[in-house]
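Chain by chain, the residues:
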Amino acid sequence: MAKSVTTQSGRVFLTIKDAQAYYRALRETLPLDSLLPEPDRSDILDIYRRYCAADAYPMVAAVNVTTKNETRAVAGSGYVTTKAFAVLDAAGAKTVFSVDKALSAVAV
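Every value quoted in this text rests on a predicted model; they were computed, and no experiment measured them.

A. Looking closely at the overall build of the chain. A count of helical and extended segments in the chain gives three helices and five strands. Helices (α) and strands (β) of the chain occur, in sequence order from the N terminus, as β-β-α-α-β-β-β-α. Against the 2.2 N^0.38 benchmark of 13 Å for 108 residues, the chain shows a C-alpha radius of gyration of 14 Å, consistent with a compact globule. When its C-alpha atoms are laid out on the principal axes, the chain stretches across 35 × 35 × 30 Å. Within the chain, the proportion of its 108 residues that are buried is 38%. Within the chain, residue pairs in contact and separated by at least 24 positions form 51% of the contacts whose partners lie at least 6 positions apart. Within the structure as shown, the chain displays about 6,000 Å² of accessible surface, and the carbon and sulfur contribution to it stands at 57%.

Take a look at the structure:
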């Protein structure tokens with residue numbers, strides 16, 4: 001049976017892939033360094049906190065969510081840059097996290 005994801009605002013994704021596709025499209029449509037609008041902001045903060053608790057991922061005191069380019073090494077092909085979500089603490093420091101991994105961790 002497929003696992004589903006329910007967000008804090010009550011949005012239900014019947015599969016993890018549906019949730020990942022929604023947040024991938026949202027991430028791609030937002031300009032870099034823009035803050036997420038409600039209810040997506042609160043939903044991502046909640047998903048981030050649940051992910052940190054479920055996977056013992058180091059949690060920061062996040063108060064907002066933005067988009068940021070992330071460059072990482074890819075075996076055999078050098079580097080790739082993708083747009084990612086980053087949580088912001090009260091001082092504005094950004095912490096990038098994988099929303100795909102977070103959604104997989106919080107799905108039931």
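B. Just helix α3 (residues 99-106), in detail. For α3, the set of buried residues is V99, A102, L103 and V106. Down the axis of α3, the sector holding all buried residues measures 100°, keeping them to one side. Lining the buried residues of α3 we find β1 (5-6), α1 (16-29), α2 (40-55), β4 (78-89) and β5 (94-97).

C. Representation of the pairing of β5 in the model. With four bridges connecting them, β4 and β5 associate as antiparallel partners. Residue pairing across strands places V87 opposite T95, the latter belonging to β5. The turn joining β4 and β5, which pair antiparallel and follow one another in sequence, is formed by four residues; a positive phi near 95° is taken by G92.

D. The sheet that holds strand β3 (residues 62-74), seen in detail. The strand order across the open sheet built from three strands is β3-β4-β5, with neighbouring strands paired in antiparallel fashion. A strand with exactly one partner marks an edge of an open sheet, and here the two such strands are β3 and β5. Strand-to-strand twist in this sheet, taken as the mean axis angle between neighbours without regard to direction, amounts to 35°. Contacts from α2 reach β3, β4 and β5, with the element oriented near 65° to β3.

What counts and what doesn't
Residues numbered from 1 in each chain as written. Predicted model: local features only at pLDDT ≥ 70, side-chain atom pairs only at ≥ 80, totals over all residues. Heavy atoms only, no water. Helix = DSSP H or I, 4+ residues; strand = E, 2+ residues; numbered from the N terminus. Rg over C-alpha atoms; globule rule 2.2 N^0.38 Å. Buried < 20%, exposed > 50% of the residue type's maximum accessible area, 1.4 Å probe, protein only. Contact = heavy atoms within 4.5 Å. Areas by Shrake-Rupley, 256 points an atom, 1.4 Å probe, with all protein chains shown as cover. Arc of directions from axis to C-beta. Pairing = 2+ DSSP bridges. Axes fitted to C-alpha atoms, helices over the stretch in contact; angles between N-to-C directions.

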